[in-house]
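# Commentary on secondary and tertiary structure
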Amino acid sequence: MTQIMIGEKKLSRYQDAVDTQLEDNSEIEILSRGQDNNGKALDLAEIIRREKENVSVQTIETGTSCFENDDGEEVNVTDLEIKIEKSE
């Protein structure tokens, strides 16, 4: 399964990446971490679902990662995994 990690790029760049990957793969996974990127990942999944008739969102899973920041404090960050499947 191909994975696309959402970061700081424009949403249209990730949309192009998903379109390209769906040409060769029947399943892809959109991964993100943090409030801003999670929102972008959800927007991307919805755009892809609306634009392509043969694509559906299979699962959306959330989790929490714990990191230590530069000040030594523990920080919890929300992770998101969205699985998209293309039907033939």
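For the structure given in this document, a descriptive report is provided here. (Residues numbered from 1 in each chain as written. Predicted model: local features only at pLDDT ≥ 70, side-chain atom pairs only at ≥ 80, totals over all residues. Heavy atoms only, no water.)

## Things to note about the packing of helix H1 (residues 11-24) against helix H2 (residues 35-51)
Close contact between H1 and H2 brings their axes to 10 Å; oriented N to C, the two are set at 50°. Between H1 and H2, the angle falls in the class oblique. Considering only the axes of H1 and H2, their crossing is right-handed. Where H1 abuts H2, its residues Leu 11, Tyr 14, Gln 15, Val 18, Asp 19 and Leu 22 lie against Lys 40, Asp 43, Leu 44, Ile 47, Ile 48 and Glu 51. Its residues assigned to classes, the contact of H1 with H2 shows seven nonpolar, one polar and four charged. (Axes fitted to C-alpha atoms, helices over the stretch in contact; angles between N-to-C directions. Helix = DSSP H or I, 4+ residues; strand = E, 2+ residues; numbered from the N terminus. Parallel < 35°, antiparallel > 145°, perpendicular 65-115°, else oblique. Left-handed = near helix turned anticlockwise from the far one by under 90°. Contact = heavy atoms within 4.5 Å. Nonpolar A, V, L, I, M, F, W, Y, C, P; charged D, E, K, R; others polar.)

## Quick word on the nonpolar core
Grouped burial of nonpolar side chains is what soluble globular proteins tend to show. Ranked by size, the top nonpolar core spans 15 residues in total, and within it Ile 6, Val 18, Ile 30, Leu 44, Ile 82 and Ile 84 carry the most contacts. Within the residue set of this core, elements represented by two or more residues are H1, strand E2 (27-33), H2 and strand E4 (74-86). Among the elements that line this core, the one with the most residues is H2, at four residues. With residues near it in sequence (within four places) discarded, Val 18 still touches Ile 4, Ile 28, Ile 30, Leu 44 and Ile 48. (Core = buried A, V, L, I, M, F, W, Y, C linked by side-chain atoms within 4.5 Å. Buried < 20%, exposed > 50% of the residue type's maximum accessible area, 1.4 Å probe, protein only.)

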